[in-house]
Amino acid sequence: MAKVTLQHVDKVYPGGVKAVSDFNLEITDGEFVVLVGPSGCGKSTTLRMVAGLEEISRGVVQIGDRVVNDVPPKDRDIAMVFQNYALYPHMTVYDNMAFGLKLRKYPKKEIDQRIREAARILGLDQLLERRPKALSGGQRQRVAVGRAIVRKPAVFLFDEPLSNLDAKLRVQMRVEINQLHAQLNATMIYVTHDQTEAMTMGDRIVVMRDGLVLQVADPLTLYDDPADMFVAGFIGTPAMNFVPGRITGAGDTLRFSAEGCIEMPIPASLRQGLSAFRDKAVTFGIRPEDIGSARAIENKSSPKLRARVDVIEPMGCEAYVHLSAGTARLVARTDPYHVFHTGESIELPLYSEKARFFDPATEKRIR
């Protein structure tokens, strides 16, 4: 396996369209890194530059200790798994997996050994003589992964490999790819627009927007300590709630006020950063599970959110309660057995220690 390093990498298309700007990242040997962001953010372009399928406009890409800017894809010691499987329909599973090895003139005995080993790992032993049209979507994706495994590359690249699968299969394949990473201890770079995939699979996550890297961190750090409003709103389902308001008072009496729906003292840990915003607008952020949570209810001094119930979504183990508070729209993740009624006005305690504040001008987190 190998580490991958990207230093000040840009991608500019004809006409001056900048797809990736000053991308810097070091992926350690054996690490699973996920690039996540909305469509058009530059994540697939970045992956393709690592693969050699896109030319780099500026910067350096290294795989191991070798600069690969001008190295063709076939010589980069990488294997890529695509969104659309890219299997040859007229070939069996065995032949699809063997094709790349045959081109590289591997001995037949070694090819067979590698294919049997990959088939065992992926549960494809009974499918080797079938053709792709006789396989389910999940089986085809496993074949595509198997074709990458037999190469024994330094780096595995995944470009939204699960987006064509139904919800149940996506969950199953997430688990299988995680298990595969644990077995192979391989360096993997995985691109997705699905933040659930990113949170459940990556050792670290790179959040991108408009060609820029906004934050790189492990999943829990991204969730608890987002760098800005985009990261806070993109990571987590349902997303973080945002409420506009103002900071008033001073010192120990510093408070946040929002349109008559929230009046709360600022926690001591946040006073220093927020004192600079006295009598200024800020954006209050809170996760759905921190509205009406058991921790908030237990604390009798918890601030309250005054809101109207708009919609209730029962999810089985929990319920999503959609609320209106002034001009803000919020979601609370609550106990499914707590009875709410559409249209009623309610007060829910807030776990204020988990509150996050953002500068509305820059959208950056106030620390």
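Scroll up for the structure.
So, how was this worked out
- Residues numbered from 1 in each chain as written.
- Predicted model: local features only at pLDDT ≥ 70, side-chain atom pairs only at ≥ 80, totals over all residues.
- Heavy atoms only, no water.
- Pairing = 2+ DSSP bridges.
- Helix = DSSP H or I, 4+ residues; strand = E, 2+ residues; numbered from the N terminus.
- Axes fitted to C-alpha atoms, helices over the stretch in contact; angles between N-to-C directions.
- Contact = heavy atoms within 4.5 Å.
- Salt bridge = Lys/Arg side-chain N within 4 Å of Asp/Glu carboxyl O.
- Buried < 20%, exposed > 50% of the residue type's maximum accessible area, 1.4 Å probe, protein only.
- Phe/Tyr/Trp six-rings, centres within 6.5 Å; stacked < 30°, edge-to-face > 60°.
- 1 Å grid on protein atoms, 1.4 Å probe; cavity = no way out; pocket = protein on both sides within 12 Å on 5 of 7 lines; lining within 4 Å.
- Points joined across faces, edges and corners; volume = space filled by probe spheres on them.
- Parallel < 35°, antiparallel > 145°, perpendicular 65-115°, else oblique.
- Left-handed = near helix turned anticlockwise from the far one by under 90°.
- Nonpolar A, V, L, I, M, F, W, Y, C, P; charged D, E, K, R; others polar.
- Core = buried A, V, L, I, M, F, W, Y, C linked by side-chain atoms within 4.5 Å.

1. A closer look at the sheet that holds strand β3 (residues 32-36)
Reading across from one edge, β6-β7-β8-β3-β9-β10 is the order of the six strands in this open sheet, with mixed pairing throughout. The sheet terminates laterally at β6 (78-81) and β10 (212-217), the two strands that pair on one side only. For this sheet, the mean angle separating the axes of adjacent strands, direction not counted, is 15°. Here five bridges tie strand β9 (residues 204-209) to β10, and the two strands are oriented antiparallel to one another. Bridging from a neighbouring strand, M208 pairs with V213 of β10. Lying over the sheet, helix α4 (residues 137-149) contacts β6 and β7 (155-159), oriented at roughly 175° with respect to β6.

2. Observations regarding the pattern of salt bridges
Taken as a whole and assessed by the stated rule, the structure comprises 20 salt bridges. The shortest N-O distance in the salt bridge between E110 and R114 comes to 2.9 Å. You can see E110 and its partner R114 sitting in helix α3 (residues 108-122), four residues apart, about one turn around the helix. The exposure class of R114 is buried, given its relative accessible area of 11%. Counted as one network, the salt bridges with shared partners bring together D10, K18, D22 and R58.

3. Some words on the pairing of β6
Regular strands have side chains that alternate between both faces of the sheet. Burial along β6 is two-sided: I78 and M80 facing one way and A79 and V81 facing the other are all buried. Where β6 lies against β7, four bridges are found, and the strand directions are parallel. The partner of I78 across the bridge, within β7, is V155.

4. Considering the packing of aromatic side chains
Evaluation of the coordinates by the stated rule reveals nine aromatic pairs. Geometrically, the ring pair formed by F242 and F358 is edge-to-face, given 5.7 Å between the ring centres and 80° between the ring planes. Linking F242 in strand β11 (residues 241-248) with F358 in strand β19 (residues 356-358), this pair joins segments that are 116 residues apart in sequence. With centroids separated by 5.5 Å and ring planes inclined at 65°, the aromatic side chains of F284 and F357 adopt a geometry described as edge-to-face. Taken together, the residues F284 in strand β14 (residues 281-286) and F357 in strand β19 connect sequence positions 73 residues apart.

5. Looking at the side chain of T5
Residue placement: T5 occurs in strand β1 (residues 4-13). Residues contacting T5, with those up to four places away along its chain left out, are L25, E26, V60, V61 and Q62.

6. Concerning helix α1 (residues 43-51)
With seven of nine residues buried, α1 is to be regarded as a mostly interior element. Looking only at α1, the buried set comprises K43, T45, T46, L47, M49, V50 and A51. Positive backbone phi, approximately 90°, marks G52, located one or two places after α1.

7. Remarks on empty space enclosed by the protein
Considering all chains together, one arrives at two cavities of 30 Å³ or more under this definition. Approximately 40 Å³ is the volume attributed to the largest cavity. If you go around the largest cavity, the residues you meet are L122, R142, V145, M173, E176, I177 and L180. Looking at the lining of the largest cavity, the elements that each hand over two or more residues are α4 and α5 (167-184). Ranked by the residues each element gives to the lining of the largest cavity, the list is headed by α5, at four residues.

8. Quick look at the packing of helix α2 (residues 93-103) against α3
Between α2 and α3, whose axes approach to 10 Å, the crossing angle comes to 135°. Classified by the interaxial angle, the pair formed by α2 and α3 is oblique. Judged by the sense of rotation from one axis to the other, the crossing of α2 with α3 is right-handed. For the pair α2 and α3, contact is made by Y94, M97, A98, L101 and K102 and by I111, D112, R114, I115, R116, A118 and A119, respectively. Looking at the contact of α2 with α3, its residues break down into eight nonpolar, no polar and four charged.

9. A look at the sheet that holds β1
The strand order β2-β1-β4-β5 describes an open sheet built from four strands, whose pairing is antiparallel. For this open sheet the edge positions go to β2 (17-27) and β5 (66-67), each flanked by a neighbour on one side alone. Relative to β1, α1 is tilted by about 115°, and along the sheet it contacts β1, β2 and β4 (58-63).

10. Topic: the nonpolar core
In this structure, M97, I115, F158, I177, Y190 and V207 are the most contacted members of the largest nonpolar core, which totals 49 residues. When sequence neighbours within four positions are dropped, the list of residues in contact with V207 reads V36, L212, V213, L214, Q215, L222, F230, V231 and I235. The next biggest cluster of nonpolar side chains, apart from the first, holds 32 residues, and it includes I247, I262, L270 and A325.

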